[in-house]
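Listed here are the chains, written in short residue letters.
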Amino acid sequence: MTYQHIRLPVAGEKITVRDNRLQVPDRPIVGYVEGDGIGPDITRACLGVWNAAVARAYGGRRAIQWCEVYLGEKAAGLYGTPFPEEALRAFADLVVSIKGPLTTPVGGGMRSINVALRQALDLYACVRPVRHFPGVPSPLRHPEKVDVVIFRENTEDVYAGIEFPAGSAEAERLERFLREELGAKVPPGSALGLKPISEFGSKRLIRKAIRYALEAGRKSVTLVHKGNIMKYTEGAFRHWGYELARDEFSGQTLTEEELHAAYGGRPPEGKIVIKDRIADIMFQQMLLRPAEFDVIATPNLNGDYLSDAVAAEVGGVGIAPGGNIGDFIAVFEATHGSAPKYAGKDVANPGSLLFSGAMLLDYLGWKEAAQLIADAYGRVVASKTVTYDFARQMEGAREVRTSEFAAALVKAMD
Ligand code: NAD
């Protein structure tokens with residue numbers, strides 16, 4: 001594969017897929033995008049921490065060979081477009097990558113590079129683990145009870161939504177079609193929107209969530225939907241979820257009813273509970289009874305709201321990591337934006353990108369390195385050494401720069 005601006009490190013080998021599994025060499029080439037705004041600051045800091053964790057975990061036997069891929073403003077300077085085709089080719093070719101935040105140009109241009117990327121590579125699961133680290137400022141009294149992994153569908157629902165503006169010829173035609181052909185009435189002059197939710201799209205997302213729950217030894221998968229109101233889209237998501245669990249994971253799953261009827265509410269070893277909650281009550285319960293939830297699978301829009309709301313329970317944008325994952329190709333990412341106000345000032349919190357990198361290491365099967373990062377982070381934050389955003393919410397904190405925070409993490413690994 002030839003590239004115009006991307007240079008593959010000569011010392012590395014590509015990650016491949018064989019027999020439905022990732023084959024990860026000891027010196028894998030992994031793609032990274034610096035990102036815009038604070039992106040270069042946090043990426044620089046994180047690369048140092050990830051490399052140190054891998055070096056310490058495997059005594060030099062393993063090392064990531066990082067390959068820079070260009071998106072956003074840096075790509076616009078090189079290619080004349082913020083979304084060059086060769087970046088997409090590289091993500092597919094390298095299989096596993098990570099990216100910093102990207103600025104969405106205001107007023108014209110594409111809606112969002114992030115959304116376009118997920119769609120172009122069919123990265124159908126947006127995975128967001130949310131857990132608390134002692135010392136991280138939180139609005140909850142018991143944030144330690146939050147430990148969930150949200151699987152949000154990434155290609156359908158409002159991401160594949162079709163809209164027509166109020167009063168447009170298209171909206172009027174559609175309104176007439178609905179009335180005359182389908183006997184469905186909408187208020188005249190309405191704006192109209194459609195959201196598709198398919199069996200295929202729902203099942204592959206829920207399958208990934210159930211497989212993850214089984215592999216990670218989790219206790220339950222909760223399907224979050226608004227099926228009481230939208231019975232044939234959101235309600236179908238719920239129905240397909242239970243159907244999939246029954247058809248493909250019958251020996252390993254049980255429903256909440258079965259749990260209570262046959263097991264007195266105590267799940268048997270090795271089985272996970274499949275349950276569902278209506279989206280509005282889910283927001284309440286994640287605040288009031290977070291310990292009842294574990295893995296969560298949900299359509300796009302519910303997942304959009306829920307991921308940010310739950311992340312806020314444990315510290316918000318400075319800490320919540322994420323990954324967009326297809327059948328094999330994965331692009332991990334900082335979940336916050338490019339915070340242009342702090343660009344180049346070396347003050348931003350690298351936590352979100354840092355833990356996205358820990359997810360990446362987990363995805364490679366390098367769990368020891370991922371664990372080193374989590375342990376070091378716990379120690380450094382517990383010592384109240386934090387960036388400005390946490391410092392202003394903590395008493396007695398020592399406020400440090402992004403690069404100093406990264407250096408403290410590396411030191412804490414020794
Ligand atoms: P933002 O996430 O950049 O900022 C929201 C608030 O959080 C700001 O106060 C910011 O200073 C703060 N913040 C964000 N990240 C931080 C960090 N790591 N450390 C400390 N403070 C941090 O959201 P925004 O201001 O709405 O958007 C700015 C740009 O980012 C826009 O162009 C937007 O489209 C883009 N964006 C990109 C992504 C992405 O790439 N995934 C996500 C959201 C927004």
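Provided above is the structure to which this section pertains.
Residues numbered from 1 in each chain as written. Predicted model: local features only at pLDDT ≥ 70, side-chain atom pairs only at ≥ 80, totals over all residues. Heavy atoms only, no water.

Re the overall build of the chain
A tally of helices and strands in the chain yields 14 helices and 17 strands. By the burial criterion, 53% of the 414 residues in the chain qualify as buried. Pairs at least 24 residues apart make up 73% of the contacts formed inside the chain by residues separated by at least 6 positions. Across the chain, the centroid of the 49 positively charged side chains sits 3 Å from that of the 51 negatively charged ones. (Helix = DSSP H or I, 4+ residues; strand = E, 2+ residues; numbered from the N terminus. Buried < 20%, exposed > 50% of the residue type's maximum accessible area, 1.4 Å probe, protein only. Contact = heavy atoms within 4.5 Å. Lys, Arg positive; Asp, Glu negative; His and termini not counted. Charge placed at Lys NZ, Arg CZ, Asp CG, Glu CD.)

Observations concerning the pairing of strand 5 (residues 96-99)
Neither face of strand 5 is exposed, since Val96 and Ile98 on one face and Ser97 and Lys99 on the opposite face are all buried. Sheet analysis places strand 3 (residues 29-33) next to strand 5, joined by three bridges and oriented parallel. Of the residues in strand 5, the one forming a bridge with Tyr32 is Ile98. Sheet analysis places strand 5 next to strand 15 (residues 330-334), joined by four bridges and oriented parallel. The partner of Lys99 across the bridge, within strand 15, is Glu333. (Pairing = 2+ DSSP bridges.)

What about the pairing of strand 3?
Within strand 3, five of the five residues are buried, leaving the element largely enclosed by the surrounding structure. Of the two faces of strand 3, the one carrying Ile29, Gly31 and Val33 and the one carrying Val30 and Tyr32 are both buried. With four bridges connecting them, strand 3 and strand 4 (residues 65-68) associate as parallel partners. Within strand 4, the position partnered with Gly31 by the bridge is Cys67. Of the crossover connections in this fold, the one passing from strand 3 over helix 1 (residues 39-58) to the parallel strand 4 is right-handed. (Right-handed = clockwise from strand over helix to strand, strands pointing away.)

Describing the nonpolar core
Counting 78 residues, the largest nonpolar core has Trp50, Ile210, Val221, Leu354 and Tyr377 as its most contacted members. Of the residues that make up this core, three or more belong to each of domain 1 (1-136 + 314-414) and domain 2 (139-156 + 198-305). With near-sequence residues (within four places) excluded, Trp50 lies in contact with Trp66, Ile98, Leu353, Leu354, Gly357, Ala358 and Ile373. Formed by 22 residues, the second largest nonpolar core is a distinct cluster that contains Ala75, Leu102, Ala116 and Leu123. (Core = buried A, V, L, I, M, F, W, Y, C linked by side-chain atoms within 4.5 Å. Domains from an automatic or database assignment.)

Things to note about helix 14 (residues 402-412)
Of all the positions in helix 14, only Thr402, Phe405, Ala406, Ala408, Leu409 and Ala412 are classed as buried. Down the axis, helix 14 shows its buried residues gathered within 160 degrees of arc, on one side only. Where the residues of helix 14 are buried, they touch helix 1, helix 11 (351-364), helix 12 (367-382) and strand 16 (385-386). (Arc of directions from axis to C-beta.)

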